[in-house]
Amino acid sequence: MARRPRELDEDDVRSRANPRGTRPRSKQRPAHEDAVDAFVVAVDRGRYLVLAGDTEVTAMRARELGRKSIVVGDRVGVVGTIDDSPDALVRIVRLDERDTVLRRTADDNDEHERVIVANADQLVIVSALADPEPSFGLIDRCLVAALAAGIEPVLCLTKSDLASPQLVTERYAALDLPAVTTHRGGSLDALRDLLIGHVSVLVGHSGVGKSTLINALVPSADRATGVVSAIGKGRHTSSSAVALRLPDDAGWVIDTPGVRSFGLAHVGPDDLLWAFPDLEDGANLCLPGCEHLSTEVGCRLDAWVADGHSTPERLAAFRQLLVSR
Ligand code: ZN
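Residues numbered from 1 in each chain as written. Predicted model: local features only at pLDDT ≥ 70, side-chain atom pairs only at ≥ 80, totals over all residues. Heavy atoms only, no water.

Caption draft 1: Region of the structure containing the pairing of strand 2 (residues 47-52). Most of strand 2 is tucked away: six of the six residues are buried. Of the two faces of strand 2, both are covered, the one formed by Arg47, Leu49 and Leu51 as well as the one formed by Tyr48, Val50 and Ala52. Strand direction decides the pairing type here: strand 1 (residues 36-44) and strand 2, joined by five bridges, are antiparallel. Each residue of the ladder has a partner; that of Asp44, found in strand 2, is Arg47. Connecting the antiparallel pair strand 1 and strand 2 is a turn made up of two residues, with Arg45 showing a positive phi of about 50°. Inspection of the sheet shows strand 2 paired to strand 3 (residues 55-61) by five bridges, in the antiparallel sense. Looking across to strand 3, one finds that Ala52 is bridged to Thr55. What sits between strand 2 and strand 3 in their antiparallel hairpin is a turn of two residues, with Gly53 showing a positive phi close to 65°. (Buried < 20%, exposed > 50% of the residue type's maximum accessible area, 1.4 Å probe, protein only. Helix = DSSP H or I, 4+ residues; strand = E, 2+ residues; numbered from the N terminus. Pairing = 2+ DSSP bridges.)

Structure representation (structure tokens):
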């Protein structure tokens, strides 16, 4: 595994700006009582784009924060000159406690789950109804990740002009999820209503129309992505999350390009059942310690499904998550 580069801090900037080190450095730092509240909208290689009031500035982490990671959605305190000048030195001196965290899955490039979004309160699972077919495996994973994190899941089913949403909504009927459908050229009002006042993370496979949705919801999204590229002074890493403010300050949507799914390694087997309420009572009939993997080890879930409380597809999906998380 490649070593991650050390995160830059304020000293890196100062040494470049002042190569001879002639400016004396104060050993006493202020206590930062004057820190201004800010919201992290993007992160790129140790630089943070933060919104303080109505001003977007690039900030560095203060050394005293240590190795704590700062991610999109974090609420922080910053000190420095909050203006648009390119030489402004703004430092993040405080990281507020998080209400929720979402971790992305480990993958070929990174064997660890990492927190990528903080403080989201809604997860919008974007799935096409056709072309591509709905991925129930992805939807299930996202549901578990959201419920385990205390985040409200929402289904956004795109391309409703190509197929009926009935198959999907019936499959998840036991969860009583809010669900909206969209199609190209159709109204997004139902989705907009669901987003008002929330910090919503959007996740979905490529080809489901997530980018189209985001561009329609946030007409300035392209511009905002340009700002993100600028702070990295180079190629924007496509896997990072970006927070975009909805028009009229109606809320935030967080895009997660390149994030295939959210990690479940921290979620225990019993907690997976949060996404399978139709199986939960059946699992309670199993012997303590049942791993629910097959009827041969005494799992009662097959009998539960045979009695009509759920479907073989749902049980197979639950077992698939059990072995793959
Ligand atoms: Zn069992």
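Caption draft 2: Fine view of the coordination of the zinc ion. Bound to the zinc ion are the protein donor atoms Cys286 (SG), Cys290 (SG), His292 (ND1) and Cys299 (SG), situated 2.1 to 2.4 Å from the metal. Coordination geometry of the zinc ion: the four donor atoms subtend angles of 105 to 114° at the metal centre, consistent with an arrangement described as tetrahedral. Mapping the donors of the zinc ion onto the primary sequence yields the spacing C-x3-C-x1-H-x6-C. Overall, the relative accessible area of 9% leaves Cys286 in the buried class. For Cys290, a relative accessible area of 17% puts it in the buried group. (Donors = N, O, S within 2.8 Å, 3.2 Å for Na, K, Ca; no water. Tetrahedral: all angles 85-135°; square planar, octahedral: opposite > 155°, others 65-115°.)

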